[in-house]
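# Structural overview for review
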Amino acid sequence: MVKLIHTLADHSDDVNCCAFSFSLLATCSLDKTIRLYSLSDFTELPHSPLKFHTYAVHCCCFSPSGHILASCSTDGTTVLWNTENGQTLAVMEQPSGSPVRVCQFSPDSTCLASGAADGTVVLWNAQSYKLYRCGSVKDGSLVACAFSPDGSFFVTGSSCGDLTVWDDKMRCLHSEKAHDLGITCCNFSSQPVSGGEQGLQFFRLASCGQDCQVKIWVVSFTHIFARSSEGHLKQFTEDWSEEDVSTWLCAQGLKDLVGIFKMNNIDGKELLNLTKESLADDLKIESLGLRSKVLRKIEELRTRVKFLSSEIPDEFICPITRELMKDPVIASDGYSYEKEAMENWIRTKKRTSPMTNLVLPSVVLTPNRTLKMAINRWLETHQK
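The model shown is predicted, which means the values in this text are computed figures rather than measured ones.

## Comments concerning the overall build of the chain
- For the chain, the helix and strand inventory stands at 7 helices and 22 strands.
- By the burial criterion, 46% of the 384 residues in the chain qualify as buried.
- Taking as baseline every contact in the chain between residues at least 6 positions apart, the subset at least 24 positions apart corresponds to 42%.
- Carbon together with sulfur atoms contributes 52% to the accessible area of the chain, which is approximately 19800 Å² in total.

## A few points about the sheet that holds strand β20 (residues 328-330)
- Ordered by their spatial adjacency, 3 strands build an open sheet running β21-β20-β22, and the pairing between neighbours is antiparallel. Edge positions in the open sheet fall to β21 (336-338) and β22 (366-367), since each of these has one partner strand only.
- With 3 bridges connecting them, β20 and β21 associate as antiparallel partners. For proline 328, the partnering residue across the bridge sits in β21 and is glutamate 338.
- Most of the contacts of helix α6 (residues 339-348) go to β21, to which it runs at about 95°, and overall it touches β20 and β21.

## Considering the nonpolar core
- One finds Leu69, Leu112, Leu123, Phe154 and Met342 to be the most contacted residues of the largest nonpolar core, which totals 63 residues.
- Residues from two domains meet in this core; each of domain 1 (15-136) and domain 3 (314-383) gives at least three.
- Counting residues in hydrophobic clusters, the runner-up holds 18 residues, among them Trp248, Phe261, Leu274 and Ile298.

## Here we look at the UniProt feature "repeat: WD" (unreviewed entry) in the chain
- Taking the numbering used here, the UniProt-annotated feature "repeat: WD" (unreviewed entry) corresponds to residues 50-91, 93-134 and 146-167.
- In residues 146-167, helix accounts for 0% and strand for 64%; the two terminal C-alpha atoms are 12 Å from one another.

## Topic: the side chain of asparagine 368
- Along the chain, asparagine 368 falls in the loop between β22 and α7 (369-382).
- Among the polar contacts listed, one links the side chain of asparagine 368 to the side chain of serine 336, at a separation of 2.8 Å.
- Not counting the four nearest positions on each side in its chain, asparagine 368 is found in contact with Pro328, Val329, Ile330 and Ser336.

## Overview of the packing of aromatic side chains
- Summed over all chains, the structure comprises 4 aromatic pairs.
- Their ring planes at 35° and their centres at 5.0 Å tell us that phenylalanine 147 and phenylalanine 154 sit as a pair that is tilted.
- Classification of phenylalanine 147 as buried rests on a relative accessible area of 11%.
- Residue classification places phenylalanine 154 among the buried positions, given a relative accessible area of 1%.
- One aromatic cluster in this structure is built from Phe147, Phe154 and Trp166.

## Re the sheet that holds strand β18 (residues 202-209)
- Strand order in the open sheet formed by 3 strands is β17-β18-β19, with antiparallel pairing between adjacent strands. A strand with exactly one partner marks an edge of an open sheet, and here the two such strands are β17 (183-193) and β19 (214-219). Here the strands of the sheet are splayed against their neighbours by 20° on average, with no regard to which way each runs.
- As paired elements, β18 and β19 share 6 bridges and run antiparallel to each other. Within the sheet, the bridge partner assigned to arginine 204 lies in β19 and is valine 218.

## A short note on the side chain of serine 353
- One can find serine 353 in the loop between α6 and β22.
- In this structure the side chain of serine 353 is engaged in a polar contact, spanning 2.6 Å, whose partner is the side chain of aspartate 333.
- For serine 353, the residues in contact, after removing those within four places along its chain, are Asp333, Tyr337, Trp345, Leu358 and Leu360.

## Points about the pairing of β18
- The sheet contact formed by β17 and β18 spans 7 bridges and is antiparallel. The residue of β18 that forms the bridge with cysteine 186 is serine 207.
- Between β18 and β19, which pair antiparallel one after the other, the connecting turn spans 4 residues, and cysteine 212 there sits at a positive phi close to 70°.

## Observations regarding the state of the cysteines
- All chains considered together, the criterion is met by 0 disulfides.
- The structure places no disulfide on cysteine 61, whose sulfur is separated from the nearest cysteine sulfur, that of cysteine 103, by 3.9 Å.
- Residue class for cysteine 61 comes out buried when judged on its relative accessible area of 6%.
- The closest cysteine sulfur to the non-disulfide-bonded cysteine 72 is located on cysteine 103, 3.8 Å from its own sulfur.
- For cysteine 72, a relative accessible area of 0% translates into the label buried.

## Let's talk about unusual backbone geometry
- Look at the link from serine 48 to proline 49: it is a cis peptide, with omega at 10°.
- Looking at the secondary structure, you find proline 49 in the loop between β3 (33-38) and β4 (50-51).
- Even without a glycine there, the phi angle at lysine 32 is positive, about 80°.
- Here lysine 32 shows up in the loop between β2 (24-29) and β3.
- Its identity as a non-glycine residue notwithstanding, cysteine 212 has a phi of 70°, on the positive side.
- Judged by its relative accessible area of 77%, cysteine 212 falls in the exposed class.

Rules used throughout
- Here, residues in each chain are numbered from 1, in the same order as that chain's written sequence.
- Since the coordinates come from a predicted model, pLDDT governs what is reported: local features require at least 70, and pairs of side-chain atoms require 80 or more to be given and counted, while whole-chain, interface and lining totals use all residues.
- Excluding hydrogens and water, the side-chain values take into account all heavy atoms of the structure.
- Where helices and strands are cited, they refer to DSSP runs of H or I of at least four residues and of E of at least two residues respectively, numbered from the N terminus.
- Note on classification: 1.4 Å probe, protein chains only; a residue is buried when its accessible area is under 20% of the maximum for its type, exposed when over 50%, partly exposed between these limits.
- Throughout, a residue-residue contact means that at least one pair of heavy atoms, one from each residue, lies within 4.5 Å.
- Each accessible area value is a Shrake-Rupley result obtained with a 1.4 Å probe; residue values ignore everything except the protein chains displayed when judging cover.
- In this description, strands pair whenever DSSP reports at least two bridges between them.
- Note on method: axes are straight lines fitted to C-alpha atoms, helices fitted across the in-contact stretch only, with angles between N-to-C directions ranging 0 to 180 degrees.
- To define a nonpolar core, start from buried Ala, Val, Leu, Ile, Met, Phe, Trp, Tyr and Cys residues and group those joined through side-chain atoms within 4.5 Å.
- For the domains described, the bounds stem from an automatic or database domain assignment.
- UniProt positions are given in the numbering used here, feature names are shortened, and annotations may be inferred rather than shown by experiment.
- Under this definition, polar contacts are N or O atom pairs within 3.5 Å; protein pairs additionally need one hydrogen-donor-capable and one acceptor-capable atom, and for neighbouring residues in sequence, both atoms have to be side-chain atoms.
- We call Phe, Tyr and Trp rings a pair once their centres come within 6.5 Å, taking the six-membered ring for Trp, and we label the pair stacked below 30 degrees between planes, edge-to-face above 60, and tilted otherwise.
- Working definition: a disulfide is two cysteine sulfur atoms within 2.5 Å of each other.

This is the structure:
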C-alpha cells in the first residue's frame, strides 16, 4: 500500500534534496534556504527556515546522531547547523571557492566530506571544523558521495561518470568509468557481504547514472589498509597480519625467524603476547641472545601501543603519516609535518600541499621547535 499523508509547499523554488534524522525532516532548495520539519506532525520548526547561503543549496544531510545538519551551496561553502536551535556552528569554505554539490558525514560523525563542481573533494574534521585533507578527480563535478558502513573509506561520483574510492586519509584507492553519461547517486548497503577470503570484509555499493543504469559493486580494501602509500606498516600492531609480522622481523634484522613465526601463525596480537617462555618452549628459539633481542623489540612495540592507545593530541600527528611526529617542520601552507615525510612529499607530489592540494608558495621547511618541545613533554608524561 502507498498512501500520501502530507505535502509540504514552503519553498519558493526547486527542492534539491531532503534528509531524515530520527525526529526531523530537512529540505533544501534553489531558494537558498534549508527547512526543518518535525516528523511527529510535519510542522515547521520555529527556527526554520535556516538562512545563510547566498546561492542555491544543493545538498543537506544529518550527522548520525541527528544533532547537526550540514548543507552545501553554489556559494562555495558547507555550513554546519545546530538542529535544536538553528544556530550556525561552522562555515567551511571550499579551498578552491568552487560551488559545493554534495556533502556527507562519516558513520562516526568525526568527518564530513564535501565535493565541488571543479572536482575537488575535502575531508573536514567535524569536531574542530578544520580542513583535514583535500583531493580532486580529473574530470567533471562531484555530485555523489557515500561512506562505507565502517567509515574506513568513501566513494565519490562525478558528472563525467567516474567512480572514485578514497581511504580515510584521502588516498585514491581506485577510480574507473562507471557510467557513460554521469553518476547521479551512489550508496552502500549497511550489511557486509558474507564469505570471501578469510578476514576480508566486502561491502555492496550501488551507483546510478544518466545512462539509465544502476550498477552493483562489491568493494573491499582491507588489505590495502595494511600499509600506507609510503610503505609503512599500519599503525596499530594488534591489527597486523602474519605477513606484517614477517615484514617487521626483517626490518629488525630478524629475517631468520620469519619461517618459525609463520609456522606458528604469529600475527600482531600473538606477537604482543609472546614471552621468554613461549619463545623458548613454543617457538623453540634456542639462542638466549636471540630470544632477548626479540623480547626487546616486542617491548618497544608494547610501548608504542601504549602511546597509541592514549589520546594523542591531533596537532602532534603528522597529516601525511598519521603518526606522532619526531622532527616537526612548518611548510609554507602553514601546517606542520614530519620532516622526512614532507621532504618525500615535495619530491614526489610536485610541490602541492598535503592539506589543501594547492601549490606550495615555497618548498622551504622551517623546524617547529615549539611543537617538538611540546611533543617531548607529552612523551615524558606518558612514559611514566
